[in-house]
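Structure assessment
Chain by chain, the residues:
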Amino acid sequence: MSLRIQEVPAAEAPLELLLLADPSEEKIRSYLPESRCFVASRGAVVVGACVVQPRGAGAHELMSIAVLPEHQKSGYGTALLRWVVDLYRRAGARQLEVGTGTFGYQLAFYQRQGFRVTSIDRDFFVRSYPEPIFENGIQLFDMLRLTLRYPGNVA
Ligand SMILES: CC(C)(COP(=O)(O)OP(=O)(O)OC[C@H]1O[C@@H](n2cnc3c(N)ncnc32)[C@H](O)[C@@H]1OP(=O)(O)O)[C@@H](O)C(=O)NCCC(=O)NCCS
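Conventions used here
Residues numbered from 1 in each chain as written. Predicted model: local features only at pLDDT ≥ 70, side-chain atom pairs only at ≥ 80, totals over all residues. Heavy atoms only, no water. Helix = DSSP H or I, 4+ residues; strand = E, 2+ residues; numbered from the N terminus. Rg over C-alpha atoms; globule rule 2.2 N^0.38 Å. Buried < 20%, exposed > 50% of the residue type's maximum accessible area, 1.4 Å probe, protein only. Contact = heavy atoms within 4.5 Å. Areas by Shrake-Rupley, 256 points an atom, 1.4 Å probe, with all protein chains shown as cover. Lys, Arg positive; Asp, Glu negative; His and termini not counted. Charge placed at Lys NZ, Arg CZ, Asp CG, Glu CD.

Now for the overall build of the protein chain. Looking only at helices and strands, the protein chain features five helices and nine strands. When the helices and strands of the protein chain are listed from N to C terminus, the series reads β-α-α-β-β-β-α-β-α-β-α-β-β-β. Expected size for 155 residues packed as a compact globule is a radius of gyration near 15 Å; at 15 Å, the protein chain falls within 12% of this value. With the C-alpha coordinates aligned to their principal axes, the bounding extent of the protein chain is approximately 40 × 35 × 30 Å. Taken across its 155 residues, the protein chain has 46% of its residues classed as buried. For the protein chain, contacts bridging at least 24 residues in sequence account for 64% of all contacts bridging at least 6. Total accessible area computed for the protein chain in this model is approximately 8,600 Å², and 51% of it derives from carbon and sulfur atoms. When the 17 basic and 16 acidic side-chain charges of the protein chain are each reduced to a single mean position, those positions are 10 Å apart.

Written out as structure tokens, the structure is:
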């Protein structure tokens, strides 16, 4: 069965999927109204979702991307990310940004598509969430900001 990727109204964004990428429902609900939401489906099942918010001057931020745990490592996340990267390239965007932790497979996931580390926000995860966040038993403290620049597209 093939993967179908499409944009849906932000009000229809699959929250349970987005919570896999960001544990704060409050945060997700705060950025959704200003964002665009893209979903990847196999048949009737939404297996992945991605949310992007405009940042001004041709910059856009990938706020969240997630694939259902039972469908991870099947290439859907990469297909969805590539689709979104291409959409914004064709739309003339200057750059796409994303914030992520300082370790883990997600770093390779983004860099494989051309994202490069542009800055570090120290203690972001401590400042932004009421509870400590752990991944693979390691506490997340700092956020890396990665940027994909679209050469040829100017704001
Ligand atoms: C990040 C995510 C969207 C990637 O989607 P995906 O469909 O699993 O990705 P792909 O199948 O295209 O795989 C991309 C790479 O990530 C790796 N990967 C995916 N899930 C993984 C996991 N849980 N643990 C370790 N590696 C993983 C894959 O093995 C693959 O690497 P490889 O090519 O070297 O084998 C998905 O794993 C996810 O929803 N994670 C939880 C939420 C999250 O962390 N979102 C990003 C927030 S910054």
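The next point concerns the side chain of Ser41. Relative to the helices and strands, Ser41 is located in strand 2 (residues 36-42). Excluding residues that lie within four positions of it along the chain, Ser41 makes contacts with Ser2, Leu3, Arg4, Gln6, Val46 and Val47.

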